[in-house]
Amino acid sequence: MNTMYTFIKHLLHICVILIIANSALCFDYDFTYIIPAGQRECFHQPIKAENTLDFEFQVIEGGSLDVNFMLRSPTNKVLASNIRKTEGGHTIETTESGDYLFCFDNTFSRVSHKVVYFEVVVENEDYDADGAEWEGDLLADQLVDMKLEDMQESLSAVKKHLKDSQTHQRVWRNVEFRDRFVGERNFDRVNFWSVVNTVVMVATGITQVIMIRMLFSDSRKVRT
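Below is a short write-up of the structure. (Residues numbered from 1 in each chain as written. Predicted model: local features only at pLDDT ≥ 70, side-chain atom pairs only at ≥ 80, totals over all residues. Heavy atoms only, no water.)

1. Description of the state of the cysteines
As used in these notes, a disulfide is a covalent bond between sulfur atoms, one from each of two cysteines. Put simply, the test is: The disulfide definition used here is simple: a pair of cysteine sulfur atoms within 2.5 Å. Helix and strand definitions here come from DSSP, where helices need a minimum of 4 consecutive H or I residues and strands a minimum of 2 consecutive E residues; each element is numbered from the N-terminal end. Buried, partly exposed and exposed residues are distinguished by accessible area as a fraction of the type maximum, computed with a 1.4 Å probe on protein chains only: under 20%, between the cut-offs, and over 50%, respectively.
If you walk through the whole model with that rule in mind, you get one disulfide. Linked covalently through their sulfurs, Cys42 and Cys103 form a disulfide whose S-S length is 2.1 Å. Taking the sign of the torsion about the S-S bond as the criterion, the disulfide between Cys42 and Cys103, at about 110 degrees, is right-handed. Pair noted here: Cys42 is in strand 2 (residues 40–47) and Cys103 is in strand 7 (residues 98–105), with a separation of 61 residues, a long-range link. In this structure Cys103 comes out as buried when scored by relative accessible area, which is 3%.

Encoded structure:
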């Protein structure tokens, strides 16, 4: 009984350490921001060198659902760009440490604002070297007859799948919101032009009736 309790205790200890270590592997942020008409908005993110940067964006509301995007390095080098795109994604291997600049440009639109959803994910490549320091200590306990690498791979796979699921859910949620926006906009346009056509048809009918009555009316007086 004590052996089983000790085994479970050490197993939970390893899982907690691996979860904490895996949480340090990467960080991700997602935002929804309004880009006003005729303006350019930029965001800074400090990132160290030798990391993997994943970036995705979607325009979910406003105008023709397009925006200009540009990603710059700390030395102001253009790493990626999109011209009037509805969505886009980039994966960059960082070679410099410093503030990376993410810019959304809506200066080409003078009337419509844009609602942009974007996600920034940075994965730390230095994890393996740090993990080697505590890996030997954990494996020293002979009560746990399993490889730490296998558990680490399993937890990493679960974490990756959960992250992918969350990303896909956010993407489909934004796609649904964007489709609803397009549908509502088209509904308003159809209603507007239907009213305009109805008014034009009624005015045309009234004009035709008046003109026909004028053609058949005789205003000359008959003398007897």
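After presenting the structure, the write-up continues.
2. Thoughts on the environment of Lys114
Keep this limit in mind: Two residues form a contact once any of their heavy atoms are found within 4.5 Å. Polar contacts, as used here, are pairs of N or O atoms within 3.5 Å; protein pairs need one atom able to donate a hydrogen and one able to accept it. Residues neighboring in sequence count only if both atoms are side-chain atoms.
Note on placement: Lys114 falls in strand 8 (residues 114–124). Sequence separation between Lys114 and Ala37 is 77 residues, and the spatial gap between their C-alpha atoms is 7.4 Å. Dropping the residues within four chain positions of it, Lys114 is found in contact with Tyr33, Ile34, Ile35, Val59, Glu61, Gly62, Gly63, Ser64, Asp66, Asn106, Phe108 and Ser109. There is a polar contact of 2.7 Å between the side chain of Lys114 and the backbone oxygen of Asp66. At a separation of 3.1 Å, a polar atom in the side chain of Lys114 contacts the side chain of Asn106.

3. Quick word on the packing of aromatic side chains
The following threshold applies: Between the rings of Phe, Tyr and Trp (Trp by its six-membered ring), a pair exists once the centres lie within 6.5 Å; its type follows the angle of the planes, with under 30 degrees stacked, over 60 edge-to-face, and the other angles tilted.
All told, the structure shown has 15 aromatic pairs when counted by the stated rule. Both rings, one in Phe69 and one in Phe104, keep their centres 5.3 Å apart while their planes meet at 40 degrees; by these two values the pair is tilted. In this pair, Phe69 sits in strand 4 (residues 67–72) while Phe104 sits in strand 7, placing the two residues 35 residues apart along the sequence. Across the pair, exposure class does not vary: Phe69 and Phe104 are buried alike. Here the aromatic residues Tyr29, Phe31, Tyr33, Phe43, Phe55, Phe57, Phe69, Phe102, Phe104 and Phe118 are joined through ring pairs into a cluster of three or more.

4. Examining the pattern of salt bridges
Here is the rule we go by: A pairing counts as a salt bridge when a side-chain nitrogen of Lys or Arg comes within 4 Å of a carboxyl oxygen of Asp or Glu.
This model, assessed by the stated rule, comprises two salt bridges. A salt bridge links Arg84 to Asp66, with the shortest nitrogen-to-oxygen separation between them at 3.1 Å. On the criterion of sequence distance, the pair formed by Arg84 in strand 5 (residues 78–85) and Asp66 in the loop between strand 3 (51–61) and strand 4 is long-range, its members being 18 residues apart. A relative accessible area of 47% means that Arg84 is categorised as partly exposed. Overall, the relative accessible area of 7% leaves Asp66 in the buried class. Asp66 is the salt-bridge partner of Lys114, the closest N and O atoms lying 3.1 Å from each other. Of this pair, Lys114 sits in strand 8 while Asp66 sits in the loop between strand 3 and strand 4, and the two are 48 residues apart along the sequence. Judged by its relative accessible area of 1%, Lys114 falls in the buried class. Put simply, Asp66, Arg84 and Lys114 are held in one network by salt bridges that share partners.

Keep in mind that these numbers describe shape and distance, not what the molecule does.
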